[in-house]
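Now for the letters of each chain:
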Amino acid sequence: MLLLPPIPELAQFNWERITQQWDSLTLQTKKIADGAGQGEEFKALEQQVRQCVLSKNIPQLKNMLLKRKGVRVLTQLWIDKEDVRKNSLNEETIDYIQAKHPKLGMSSLMNLISLVYRYFDALVDGNIFNRLTQWLKQQIEQRLKDRKNTSDTILSVLNQAKWLFDLTAPKALVNLAKQNHLDLNEQLKKLRLNELPQGRFLDICHAQYYLDTLKEIPVGEQHDVLHELLKQDVATMPFEEGKRIGHIALEIIIDRSAGAPSEIWQNFVLNLAGDPRIANTATNYRQWWKPIGESRVKAVTSWLAREDLRLFLGAIEEYANYTGDEALNRMFPARKRFLEGLYEHGFVRNTRLMLGTNAAKTVKTVLGNDLKINYINLSGSQETHTSIIYLDCGDFHIVEGSHEFKLWVYMGLPSEKLIDYSLSEFTRSDLIHRFPKDFRELYPNGNFKDITHSPTTWQNRAIEFLTQNGIELDLEKLFYKDEYRRYISRYGLPVLGSKEKVEIEVEAKTEATQSLESLILHVLDVHQPINSNSITNILAQEFELRKSVHQVNFALYSLRTKGRVTLNSEELWSRLL
């Protein structure tokens with residue numbers, strides 16, 4: 001028997017002590033309530049029912065289900081024990097209970113309601129969800145016929161709003177909250193649905209509410225929903241069509257941001273899914289990026305080009321300031337403006353950042369950035385402070401670096417290794433010897449230029465090279481105002497190479513490559529998906545075109561950069577239309 005705390009004399013009243021006594025009493029009461037009906041006899045029956053299910057002793061199980069207590073035990077086990085649910089929650093068992101118990105006991109009925117809303121869409125296999133909801137509708141309606149006042153119970157809510165037994169109920173509930181201008185929790189409370197057990201139904205309701213909110217908040221702004229969606233249990237929650245809540249959130253953020261995400265939204269994407277510029281066989285890529293499609297991956301890659309550029313320039317500037325390197329300090333503003341100008345032109349599609357050990361530390365500590373983006377380690381004892389960036393500008397490609405590193409401008413992809421995300425380390429030798437060699441092999445007559453950063457001539461040499469190769473530049477984007485005037489005064493405006501002449505030269509220099517790319521697309525039309533070795537064999541057998549696997553891979557990665565082909569996690573290529 002529970003002993004109530006004595007009623008105190010007003011003079012002796014101690015609110016804190018009395019509150020503690022009532023809290024203790026409440027806890028004792030809850031324990032008694034939780035244990036109601038859970039005596040030794042009930043637990044023994046529970047064990048027997050479970051054993052019958054797991055041993056597939058159907059006759060004995062049916063015998064136990066003849067009694068209401070047996071049904072109550074089984075419905076409770078369906079909630080609590082996955083093995084029992086998996087082995088006995090089927091149409092045969094439901095049919096049997098319905099035949100033997102036209103009217104369920106209240107405990108069994110409430111167990112079934114808990115079961116449906118705890119597991120919800122996880123019950124769709126084998127038509128179980130539909131069978132359970134049809135059964136519940138019939139049982140609730142039957143029970144409420146015998147009651148005079150039924151307006152204030154969860155049963156009456158479910159009876160009046162039968163749409164709550166539909167798989168679309170979470171979305172409908174969120175829409176109802178919007179129509180009523182209510183917070184989701186307020187709407188749940190109004191319908192007494194807050195009394196339902198925590199589980200898939202309420203999880204989906206909240207997830208749907210978060211996603212709908214994400215579609216409506218001002219683009220780029222901070223909001224509490226971003227914090228909620230970053231929670232692991234929310235982000236990984238199954239949603240629809242094989243996707244998770246996090247996938248839908250990524251799609252909304254990326255699609256709404258277009259080409260100019262805020263730092264807040266960009267950080268949300270990186271915190272949730274990480275940098276997409278990793279090998280497409282990597283676990284993180286397959287988990288988060290592959291499901292949302294290559295076009296969105298490209299969009300985020302474009303965002304991160306600016307971030308890479310910012311980190312690269314920041315590392316150089318901070319190093320120059322820290323060491324007092326006057327030459328680097330003098331050169332930095334012009335290099336910064338030139339590279340940012342290429343971005344403002346809209347040339348930059350992709351980037352790869354390369355950092356020596358100390359350069360990486362500079363980025364992490366001095367800039368206060370935890371470096372969510374991926375970068376390539378620049379190895380070698382002489383390169384610890386070096387920062388290098390590769391820019392894919394479509395028709396041309398740039399490799400630029402600090403510490404006496406030249407500006408390299410290529411009229412084509414320097415090496416497929418620059419876009420091979422399975423590689424995580426380069427050396428200076430790769431960048432100044434190996435990659436130019438790769439470029440010469442693929443483009444025997446290909447144009448590239450390595451430019452020393454002479455304070456008075458490097459910009460002119462780069463601009464002339466690009467314009468001679470048909471790249472139209474807005475010089476005002478590449479210089480600060482005073483430098484622009486000095487440059488024009490000295491060199492004048494560049495003359496764009498004759499379009500016809502440039503086209504003839506490009507055709508002559510890249511005819512073999514373009515022909516190879518065209519044939520590869522024809523092969524993919526017929527044989528995709530297919531690996532590069534098989535493409536090489538088909539080119540030799542069907543077109544009498546003998547190319548090395550290296551050359552075919554180079555062309556494939558070039559086509560991928562142009563958005564013409566895609567590579568899946570099994571290393572199979574397909575054509576994008």
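Residues numbered from 1 in each chain as written. Predicted model: local features only at pLDDT ≥ 70, side-chain atom pairs only at ≥ 80, totals over all residues. Heavy atoms only, no water.

Engineer: Hey, could you run me through the overall build of the chain in this one?
Structural biologist: Assigned secondary structure in the chain consists of 26 helices and eleven strands. The burial tally for the chain puts 46% of its 577 residues in the buried class. Looking at the chain alone, contacts between residues at least 24 apart form 65% of all its contacts between residues at least 6 apart. When the accessible surface of the chain is summed, it comes to about 29600 Å², and 48% of that surface belongs to carbon and sulfur atoms. (Helix = DSSP H or I, 4+ residues; strand = E, 2+ residues; numbered from the N terminus. Buried < 20%, exposed > 50% of the residue type's maximum accessible area, 1.4 Å probe, protein only. Contact = heavy atoms within 4.5 Å. Areas by Shrake-Rupley, 256 points an atom, 1.4 Å probe, with all protein chains shown as cover.)

Engineer: Explanation requested: the sheet that holds strand β9 (residues 448-451) in the structure shown.
Structural biologist: Paired through their backbone hydrogen bonds, the strands of a sheet run either parallel or antiparallel. If you trace the seven strands from one edge of the open sheet to the other, you get β8-β4-β3-β5-β6-β7-β9, paired in mixed fashion. With partners counted over all chains shown, the strands left at the sheet margins are β8 (425-426) and β9, one partner each. One ladder, built from three bridges, connects strand β6 (residues 397-401) with strand β7 (residues 407-410); its direction is antiparallel. By the bridge assignment, H397 is partnered in β7 with Y410. Across the face of the sheet, helix α18 (residues 294-323) comes into contact with β3 (350-355), β5 (387-392) and β6 while running at roughly 30° to β3. (Pairing = 2+ DSSP bridges. Axes fitted to C-alpha atoms, helices over the stretch in contact; angles between N-to-C directions.)

Engineer: I'm lost on the pairing of β3 in this one. Help?
Structural biologist: Every regular strand shows the same layout, with side chains that alternate between the two sheet faces. Among the six residues of β3, six are classified as buried, and the element is accordingly described as predominantly covered. Alternating residues of β3 divide into N350, R352 and M354 and T351, L353 and L355, and every residue in both groups is buried. Alignment of β3 against β5, held across six bridges, turns out to be antiparallel. When the sheet's bridge partners are listed, R352 is paired in β5 with Y390. Judged from the two bridges that link them, β3 and strand β4 (residues 376-378) form a sheet pairing that is parallel. Along β4, the bridge assignment pairs L355 with N377.

Engineer: Is there a simple way to explain the nonpolar core in this structure?
Structural biologist: A general feature of soluble globular proteins is that nonpolar side chains tend to end up buried together. Core analysis: the biggest nonpolar cluster contains 80 residues, and L214, L229, W289, L342, L391 and F396 have the highest contact counts within it. Counting residues per element, this core draws most heavily on α18, at 13 residues. Beyond its immediate stretch of four places on either side in the chain, L214 contacts V225, L226, L229, A249, I252, I253 and R256. Judged by nonpolar contacts, the second largest core, of 55 residues, contains V53, L65, W135 and F165. (Core = buried A, V, L, I, M, F, W, Y, C linked by side-chain atoms within 4.5 Å.)

Engineer: Quick question: what am I supposed to make of the packing of aromatic side chains here?
Structural biologist: Centre distance and the angle of the planes are the two values used to describe a pair of aromatic rings. Within the structure shown, the criterion is met by 18 aromatic pairs. Their ring planes at 80° and their centres at 4.9 Å tell us that Y117 and F201 sit as a pair that is edge-to-face. With Y117 in helix α7 (residues 106-119) and F201 in helix α12 (residues 200-216), this pair connects stretches of sequence that are 84 residues apart. For F201, a relative accessible area of 0% gives the class buried. Plain terms: the ring middles of F479 and Y487 are 4.7 Å apart, the flat faces sit at 35° to each other, and that makes the pair tilted. Three or more aromatic residues joined by ring pairs make a cluster, and in this case those are W408, Y410, F439, Y443, F448 and F554. We note R85 situated over the ring of Y119; from NZ or CZ to the ring centre the distance is 3.9 Å. Across from the ring centre of Y480, 6.0 Å away, lies the NZ or CZ of R337, which sits over that ring. (Phe/Tyr/Trp six-rings, centres within 6.5 Å; stacked < 30°, edge-to-face > 60°. Lys NZ or Arg CZ within 6 Å of the ring centre and 35° of its normal.)

Engineer: I tried to follow the pattern of salt bridges on my own but got confused; where do I start?
Structural biologist: Counted according to the given criterion, the structure contains 29 salt bridges. In this structure, K336 engages E340 in a salt bridge whose closest nitrogen and oxygen atoms are separated by 3.0 Å. Remark: E340 and K336 occur in helix α19 (residues 326-345); sequence separation between them is four residues, near one turn of the helix. For E340, a relative accessible area of 22% translates into the label partly exposed. Note that D438 is salt-bridged to K417, the shortest N-O span being 3.7 Å. Here D438 is found in helix α21 (residues 428-442), whereas its partner K417 is found in the loop between β7 and β8, with 21 residues between them in sequence. A single burial state applies to D438 and to K417, both of which are buried. Taken together, the shared-partner salt bridges in this structure form one network comprising K243, E251, D255 and R296. (Salt bridge = Lys/Arg side-chain N within 4 Å of Asp/Glu carboxyl O.)

Engineer: I'm lost on the layout of surface pockets in this one. Help?
Structural biologist: Vacant regions in the atomic arrangement are exposed by a probe of water-molecule size rolled over the atoms. The volume enclosed by the second largest pocket comes to roughly 400 Å³. Every residue lining the second largest pocket is counted, 18 residues in all, and those nearest its centre are K298, T301, N350, R560 and T561. Looking at the lining of the second largest pocket, the element that brings in the most residues is α18, giving four residues. Per-class residue counts for the lining of the second largest pocket are seven nonpolar, four polar and seven charged. (1 Å grid on protein atoms, 1.4 Å probe; cavity = no way out; pocket = protein on both sides within 12 Å on 5 of 7 lines; lining within 4 Å. Points joined across faces, edges and corners; volume = space filled by probe spheres on them. Nonpolar A, V, L, I, M, F, W, Y, C, P; charged D, E, K, R; others polar.)

Engineer: Please explain the side chain of T351 as it appears in this structure.
Structural biologist: Here T351 lies in strand β3. Residue classification places T351 among the buried positions, given a relative accessible area of 1%. There is a polar contact of 2.7 Å between the side chain of T351 and the side chain of D308. Not counting residues within four places of it along the chain, the set of residues in contact with T351 comprises R277, L304, A305, D308, I389, Y390 and L391. (Polar contact = N/O pair within 3.5 Å; in protein donor to acceptor, adjacent residues only side chain to side chain.)

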